[in-house]
There are 2 protein chains.
Amino acid sequence: MSDRVIITDVGPRDGLQNQQKILSPSERLRLINALSKAGVPVIEVGSFVSPKAVPAMVGTDEIVGSLTADSKSLYTALIPNMKGYELAVKAGVKSVTMVLYASESMAQKNVNMSMLQAEDVTVDILRCAKQDELEVITIVSVAFGCPFDGPIDPSVVAQVTGKFLALDADRVVLADTIGAANPLQVRELITKLTKTHGTEKLGCHFHDTRAMGVANVFAAVESGIRHFDASIAGLGGCPFAPGATGNVATEDVVMMLEQMGFDTGIDLNDLMAASDLAVQLTGTAPGGRSKVWLKRYLAEQAERETTAQYAIN
Amino acid sequence: MSDRVIITDVGPRDGLQNQQKILSPSERLRLINALSKAGVPVIEVGSFVSPKAVPAMVGTDEIVGSLTADSKSLYTALIPNMKGYELAVKAGVKSVTMVLYASESMAQKNVNMSMLQAEDVTVDILRCAKQDELEVITIVSVAFGCPFDGPIDPSVVAQVTGKFLALDADRVVLADTIGAANPLQVRELITKLTKTHGTEKLGCHFHDTRAMGVANVFAAVESGIRHFDASIAGLGGCPFAPGATGNVATEDVVMMLEQMGFDTGIDLNDLMAASDLAVQLTGTAPGGRSKVWLKRYLAEQAERETTAQYAIN
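Each chain carries its own residue numbering, running from 1 in the written order of its sequence. Chain A is the first chain written and ligand 1 is the first ligand written, with later ones labelled in order. Given that the model is predicted, a residue must reach a pLDDT of at least 70 before its local features are reported, and side-chain atom pairs must reach 80 or more before they are shown or counted; all residues, however, enter totals for whole chains, interfaces and linings.

**Student:** Give a description of the relation of the copies chain B and chain A that names residues and reports values.
**Tutor:** Alignment of copies: least-squares fit on C-alpha atoms of residues with pLDDT of at least 70 in both copies. Turning chain B through 180° and shifting it by 0.0 Å along the axis lays it on chain A, with an RMSD of 0.0 Å. Taken together, the rotation and translation relating the two chain copies correspond to the operation of a two-fold axis. Scanning chain B for the C-alpha nearest the rotation axis identifies Ala215 of chain B, at a separation of 1.9 Å. Any pair of residues counts as being in contact when their C-beta atoms, constructed from backbone geometry, are within 7 Å of one another. Looking at the interface residues of chain B, 100% of them are also at the interface in chain A, so both copies use one shared face.

What follows is the structure in structure tokens.
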């Protein structure tokens, strides 16, 4: 099994959308460019939603227009409906992300639709995106637990996953939207899904609301998953538990994966700079828990390299 | 395999010893009693060391003398040498904890002895403690990684573990003293040890320095370990990375274990009170990361119970 793991940094979208402070498009662009410089392979740069509904995402078109064309990062944007899709295409996105639901209550409360209605919207966009040769990422939200309906039946998740893989989605991401999953549950669901679908087109998205984010990443990578969402500096939160910890921090996930011998292709020094920038811009991002140690380690490593260089010269 | 997991809260010793603020014996006693009220089965209450060397542990004899005799918790104290053992016995301890080393450099820097010399000291105390019918816990420090010698050869840990189990130690705790372990490494070491020694007398002790504490607990419990050290409110730190996160928080470990179906026998409401007290007394304890969510959940549960009660009446 491959030792390459692909990280999608969802900080500039999922993260910033759940922070109190609203950043300007140029501030968000700085954060995206910092992540790109660190070699983060996929970055969720924003969403094409109503500016009234989500003021934190105003100007995503402007941001997409300013992104460096020769970046090695793939930029994806969240699309809620066909109007958003049209705006995203006009802005020049190459990858679109859509949200599906594993619980009726969450679909109703979030988008005032049934699960199936939300799927229909996504199917329409997916077909257009495939014709336009864009990458399609679908997120199955509340795939492990719902704040209204409780634990989710794995066969519900299996059904929607199978449906969208059959429709040729490039990736189906199992999202623990509210941070309710535990590592045993993660292993159980993924084992069920990979029997039918393999691992290549599945991803996972964890929150640290109940302190199990990193443990869930471990359980998932052990079960064969090689694609993870994470959020720089732990940007984010949980609308159903105000003040709780947010998305699992990119630096913590990269730290663990690299230490276990996986290759993320991410430069840790540049990732620390991106994390510092996220903290500086928002004023509230906690920063990954491994950050103090990681910065110390990187500084020591740099010192050793400098010393070695002097020794050679 | 048993679904019962025994937690030792090391906050009042390992935790407080690594906090800046020095608490009075009566403050430390309040914290110990709060943990005992929550049903924490084992509590490391302090150490019998030189007051000059470790001022944070002054008055441990006084604390042991004041502990409630009818408590269901087992109280253990750290013993560095025979003099400390004599003081501990005089104070009335029923369980003693001693530190062993998995690296020469750490043994030298910490106690100015070789690994073998430190083992000899522990063997002498162990023999006395067994005669005095006390419980004996031995901690293998830096069992996964050493700040001076790097990663530790599992066979070194296997040797010292085997030696002290043969000497009838009641438990050998594999301690990731500096938070260097990753979950794959945890599984590898434990799998090696349990082949020879089973799981019953082994424990694990993790720090969250690199954000992998909870993930390491998961890897260990999956490998059969049923005894974990943790520290209330994440009290503690790492002397080799100032400012880094400390021991894995008791509330986070209990949260995950209970959610995965294990039984810790700990009351979460009372554990939250102990965590609040730790934060209040030290001013710097971070509190478990699951705490915001957990408090909200417990409040909602209490409200539901109150409502149900009214409905019945």
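Following the structure, the description resumes.
**Student:** Break down the interface of chain B and chain A for me, citing the residues and quoting the values.
**Tutor:** Often, the extent of an interface is quoted as the loss of accessible area upon association of its parts. Taken together, the contact pairs 27 residues of chain B with 27 residues of chain A. Comment: elements are numbered from the N terminus, with helices defined as DSSP H or I runs of at least four residues and strands as E runs of at least two. Those elements giving two or more residues to the side of chain B that touches chain A turn out to be α8 (183-197), α9 (213-222), α10 (250-259) and α12 (291-312) of chain B. Among the residues making up the side of chain B that touches chain A, the classes are represented as 15 nonpolar, seven polar and five charged. When residue character is reported, Ala, Val, Leu, Ile, Met, Phe, Trp, Tyr, Cys and Pro are called nonpolar, Asp, Glu, Lys and Arg charged, and the others, Gly included, polar.

**Student:** With reference to specific residues and values, describe the packing of α9 of chain B against α10 of chain B.
**Tutor:** Residue and element names in this part refer to chain B. The axes are straight lines fitted to the C-alpha atoms, using for helices just the contacting stretch, and the angles between their N-to-C directions are given from 0 to 180°. With their axes 10 Å apart at the nearest point, α9 and α10 run at an angle of 45° to one another. If you check the angle between α9 and α10, you find them oblique. Crossing hand, α9 versus α10: right-handed. On α10, the residues that touch Val214, Val217, Phe218 and Val221 of α9 are Asp252, Val253, Met256 and Leu257. Here the residues of the contact of α9 with α10 are counted per class, giving seven nonpolar, no polar and one charged. Orientation is classified from the angle alone, with under 35 degrees giving roughly parallel, over 145 giving roughly antiparallel, 65 to 115 giving roughly perpendicular, and any other angle giving oblique. Handedness of a crossing is defined here by the sense of rotation of the near helix relative to the far one, left-handed for an anticlockwise turn of less than a right angle and right-handed for a clockwise turn.

**Student:** Mind laying out the sheet that holds strand β2 (residues 42-47) of chain B, listing which residues take part and the relevant values?
**Tutor:** All names here are of chain B. Here a strand pair is declared whenever DSSP counts at least two bridges between the two strands. Spatially, β1-β2-β3-β4-β5-β8-β9-β10 is the arrangement adopted by the eight strands of the closed barrel, whose pairing is parallel. Each adjacent strand pair in this sheet contributes to an overall mean axis angle of 30°, direction not counted. Pairing geometry for strand β1 (residues 6-9) and strand β10 (residues 227-230), over four bridges, is parallel. Of the residues in β10, the one forming a bridge with Asp9 is Ala230.

**Student:** I'd like a description of the environment of Asn182 of chain A, backed by residues and values.
**Tutor:** Residues and elements named next belong to chain A. Counting through the fold element by element, Asn182 comes out in the loop between β8 (171-175) and α8 (183-197). For Asn182, a count of 24 C-beta atoms within 10 Å translates into the label buried. Spatially, the C-alpha atoms of Asn182 and Asn247 are 15 Å apart, while their sequence positions differ by 65 residues. Residues with at least 20 other C-beta atoms within 10 Å of their own are called buried, those with 12 or fewer are called exposed, and the rest are partly exposed. The C-beta atoms themselves are positioned from the backbone.

Note that all results are geometric; they support no functional claim without further evidence.
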